[in-house]
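The residues making up each chain are set out below.
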Amino acid sequence: MQLTNTLTMKKEEVIPHQPGIIKMYTCGPTVYGYAHIGNLRSYLMEDVLEKALRYEGYQVDRAMNITDVGHLTSDADTGEDKMLKGAKREHKSVLELAAFYTEAFFADCQKLNIRRPDIVVPATGCISDFIEMVSALLEKGFAYQAGGNVYFDTSRLETYYVFGNQNAEDLAVGVREGVESDENKRNKTDFVLWFTKSKFEDQELKWESPWGLGYPGWHIECSAISVKHLGEYLDIHCGGIDNAFPHHTNEIAQSEAYLGHPWCAHWFHILHLTDASGKISKSKGAKLTVSLLEEKGYDPLCYRLFCLQSHYRKPLVFSFESLDNAVSAYQKLTARIAALGKDGEPDLEAAKPWQEKFKAALANDLNTSQALTVVYDMLKSDLSDAGKRFLILDFDQVLSLDLLGAADRLAQPAREEVASELAAEIQALIEKRAEAKKARDWATADAIRDELAAKHVVLKDTPQGTEWRLEG
Ligand code: AMP
Ligand code: ZN
């Protein structure tokens, strides 16, 4: 499997630290509101990656955090805590807010057939792990205390900006601190590991620590949760591209300082979903969520197909017109599958080259649109219908578009129609036979019985009339 690695900006082979096992970490949602379909593009493509790796034959150990504390409204460690702000808005406690939107997030994921990672950990459940990591960073001289907070000292690193794509715009987040400067920081790129003092003193959740009552910085949670659950070597770290800086840059700084060796080999970033205005936010006043798509009558899986049609490393522009195109592509595809016969056994040997093509598309930097082309080509090929159905089911382990299910639902009314037409035809023949019998036209009556028998219809004459059933 080759994936673009943001460290080098090149396509690189994923070589797991432990052969056969991929350790994969995903930055989870900050649960202060509903996820928008942009956020979900990231989780959806990460889901495809996990499933593609499993399809290749890897065991995938995957962990994800839930950010329920410490993510401030500015990525530069300033502003209010997003959770606290959300809780005030909704007159809930922070933990109630977190519980509500965590559930909402997984409900949306389920509608998009995004598998829940095996390990899902809320940040508030790991405070002692964060304290342990911050203590170790202080001991090793990578952190310092100032003005009540603990900061990571980025001047201790040989390289702080590690990603190959860091441009002036990304780096401006650090520079912006010139405007809203934190006097405690020794270097403008230093970041908070533990807060006891912030401009917003009314933080609802605080914990005892060696540095006083306080709460963790945002970045520390992903480093600590990843090391705790996936070990010292991570193979793939995922997230939306906005997280590359400062969040992932800071994760790398503190994890490698803590571990004393390189930490994660491969950084998988999904480019943003945007709309015509350039930023996914609101649609006529309503946030673009899965629920909004449903309210407008869209099957969420059509949004999944829409995402799969594009490469994760390219920005994707959303519009309802382009979603309509995905709807019609989904309908055409499932109609084609619905037309496949269901009898016979698949020829597994003949299916293999298609499986190889499908794998090759995914191994080529998770080229999902190329993988979809393999699906279309396979359906057009001279493979048997049984082979095609087998492969659709097989490919859907990665695509998760519920292709057979949707096809069968499509075929259902058609089957019912055929059944009711047949019933009407049989009934008409039975009536014709009754008339023939009444007229003592035994030859016609017998001929009709034979005609029905040829259709596997068995008749039973009763005092109430003639009953029928299908043989077998
Ligand atoms: P958050 O809940 O803000 O922590 O974001 C959750 C995930 O969504 C992160 O991986 C972000 O990088 C990602 N994300 C945010 N906005 C977008 C977008 N417009 N398109 C794709 N991913 C996004
Ligand atoms: Zn993270």
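What you are looking at is a predicted structure, and each value in this text was computed from that prediction instead of being measured.

**Thoughts on the site of ligand 1**
So, step 1. Residues in contact with ligand 1 amount to 14 residues; listed here are only the nearest, Thr30, Gly38, Ser42, Asp242 and Leu273.
So, step 2. Between an oxygen atom of ligand 1 and a main-chain N or O atom of Gly240, the distance comes to 3.0 Å.
So, step 3. Summarising the interface, the protein chains cover 90% of the accessible area of ligand 1, which totals 500 Å² for the free molecule.
So, step 4. A per-element tally of the shell around ligand 1 places helix H1 (residues 37-56) first, with 4 residues.
So, step 5. Here the shell around ligand 1 is built from residues that sort into 3 nonpolar, 10 polar and 1 charged.

**Side note on the side chain of Asp190**
So, step 1. If you trace the backbone, Asp190 turns up in the loop between helix H5 (168-175) and strand E8 (191-195).
So, step 2. Apart from the residues lying within four places of it in its own chain, the contact partners of Asp190 are Tyr144, Phe152, Asp153, Thr154, Ser155 and Lys185.

**Quick word on the nonpolar core**
So, step 1. By size, the foremost hydrophobic cluster in this structure holds 88 residues, and its most contacted members are Ile236, Tyr303, Phe318, Phe358 and Phe395.
So, step 2. In terms of residue count, the dominant contributor to this core is H1 (10 residues).
So, step 3. Domain assignment of the residues forming this core places at least three in each of domain 1 (2-284) and domain 2 (300-401).
So, step 4. Apart from residues lying up to four places away in sequence, Ile236 is in contact with Leu3, Val14, Ile22, Lys23, Met24, Tyr25, Leu49, Leu53, Cys264, His266 and Phe268.
So, step 5. Ranked by size, the runner-up nonpolar core spans 49 residues in total, among them Phe142, Phe191, Ala224 and Val227.

**Examining unusual backbone geometry**
So, step 1. Of note, the bond from Phe245 into Pro246 is cis; its omega dihedral lies within 30 degrees of zero at 0 degrees.
So, step 2. If you trace the backbone, Pro246 turns up in helix H7 (residues 244-259).
So, step 3. The backbone of Ser400 sits at a positive phi, close to 50 degrees, despite the residue not being glycine.
So, step 4. Along the chain, the position of Ser400 falls in the loop between helix H13 (385-399) and helix H14 (403-438).
So, step 5. Positive phi, close to 55 degrees, is recorded for Arg440, a residue that is not glycine.
So, step 6. Its place among the elements puts Arg440 in the loop between H14 and helix H15 (442-454).

**Details of the sheet that holds strand E9 (residues 215-216)**
So, step 1. Taken in spatial order, the 4 strands make up an open sheet running E6-E7-E8-E9, and their pairing is antiparallel. In this open sheet, the two edge strands, each paired with only one partner strand, are strand E6 (143-146) and E9.
So, step 2. Direction of pairing for strand E7 (residues 149-152) relative to E8: antiparallel, over a ladder of 3 bridges. When the bridges of E8 are listed, Phe152 appears paired with Phe191.
So, step 3. Across the sheet, H7 touches E7 and E8, and the angle it forms with E8 is around 70 degrees.

**Side note on the domain arrangement of the protein chain**
Many structure descriptions define interface size as the accessible area lost when the parts assemble.
So, step 1. Partitioning the protein chain into domains gives domain 1 (2-284), domain 2 (300-401) and domain 3 (411-470).
So, step 2. Just the C-alpha atoms count here: the centres of domain 1 and domain 2 sit 33 Å apart.
So, step 3. The partner domain 2 presents 31 residues to the 35 residues of domain 1 that form the contact.
So, step 4. When the two sides are added together, the surface that domain 1 and domain 2 hide from each other amounts to roughly 2,800 Å², 61% of it contributed by carbon and sulfur.

**Side note on the packing of helix H12 (residues 368-380) against H13**
So, step 1. Where H12 contacts H13, the two axes come as close as 11 Å, and the packing angle between them is 175 degrees. Here H13 runs roughly antiparallel to H12, going by the angle between their axes. Contact residues: Leu372, Val374, Val375, Met378, Leu379 and Lys380 in H12; Lys388, Leu391, Ile392, Phe395 and Leu399 in H13.
So, step 2. Among the residues forming the contact of H12 with H13, the class breakdown is 9 nonpolar, no polar and 2 charged.

**Considerations on the coordination of the zinc ion (ligand 2)**
So, step 1. Within the protein, Cys27 (SG), Cys222 (SG), His247 (NE2) and Glu251 (OE) serve as the donor atoms for the zinc ion (ligand 2), at 2.0 to 2.6 Å.
So, step 2. Because the angles between the 4 donor atoms bound to the zinc ion (ligand 2) fall within 74 to 132 degrees, the donor set is best described as irregular.
So, step 3. In terms of primary sequence, the donors binding the zinc ion (ligand 2) are separated according to C-x194-C-x24-H-x3-E. Taken together, the positions of Cys27 in the loop between strand E3 (21-26) and H1 and Cys222 in helix H6 (residues 218-230) put the pair 195 residues apart, joining distant regions of the chain.
So, step 4. In this structure Cys27 comes out as buried when scored by relative accessible area, which is 6%.

**Some details on helix H11 (residues 348-363)**
So, step 1. Here H11 is 16 residues long and its end C-alpha atoms lie 22 Å apart, about the 22 Å a rise of 1.5 Å per residue gives.
So, step 2. Taken as a whole, H11 has its buried residues at Ala351, Trp354, Gln355, Phe358, Ala361, Leu362 and Ala363.
So, step 3. Contact partners of the buried residues in H11: strand E1 (2-5), H1, H12 and H13.
So, step 4. Between the side-chain oxygen at the start of H11 and the backbone nitrogen of Glu349 there is a gap of 3.1 Å, and the oxygen is on Asp347.
So, step 5. Positive backbone phi, at 55 degrees, marks Asp365, one or two positions downstream of H11.

**Details of the confidence of the model for the protein chain**
Note that predicted coordinates carrying low pLDDT should not be read in detail.
So, step 1. Looking at the protein chain as a whole, the pLDDT averages 91, with 94% of positions reaching at least 70.
So, step 2. Predicted confidence is poor over residues 174-179, with pLDDT under 50, and the contacts of this stretch with residues over four places away or in other chains come to 7 contacts.

**Re the pattern of salt bridges**
So, step 1. Applying the stated rule across the entire model yields 23 salt bridges.
So, step 2. Arg54 is paired through a salt bridge with Glu50; the nearest N and O atoms lie 2.6 Å apart. Pair noted here: Arg54 and Glu50 are both in helix H1, with a separation of 4 residues, about one helical turn.
So, step 3. A relative accessible area of 0% places Glu50 in the buried class.
So, step 4. Salt bridges sharing common partners tie together Glu46, Glu50, Arg54, Arg62, Arg115 and Asp118.

What counts and how
Residues numbered from 1 in each chain as written. Chains lettered and ligands numbered in written order. Predicted model: local features only at pLDDT ≥ 70, side-chain atom pairs only at ≥ 80, totals over all residues. Heavy atoms only, no water. Near = heavy atom within 4 Å. Polar contact = N/O pair within 3.5 Å; in protein donor to acceptor, adjacent residues only side chain to side chain. Areas by Shrake-Rupley, 256 points an atom, 1.4 Å probe, with all protein chains shown as cover. Helix = DSSP H or I, 4+ residues; strand = E, 2+ residues; numbered from the N terminus. Nonpolar A, V, L, I, M, F, W, Y, C, P; charged D, E, K, R; others polar. Contact = heavy atoms within 4.5 Å. Core = buried A, V, L, I, M, F, W, Y, C linked by side-chain atoms within 4.5 Å. Buried < 20%, exposed > 50% of the residue type's maximum accessible area, 1.4 Å probe, protein only. Domains from an automatic or database assignment. Pairing = 2+ DSSP bridges. Axes fitted to C-alpha atoms, helices over the stretch in contact; angles between N-to-C directions. Buried area = accessible area lost by both parts, 1.4 Å probe. Parallel < 35°, antiparallel > 145°, perpendicular 65-115°, else oblique. Donors = N, O, S within 2.8 Å, 3.2 Å for Na, K, Ca; no water. Tetrahedral: all angles 85-135°; square planar, octahedral: opposite > 155°, others 65-115°. Expected span 1.5 Å × (residues − 1). pLDDT = per-residue confidence, 0-100. Salt bridge = Lys/Arg side-chain N within 4 Å of Asp/Glu carboxyl O.

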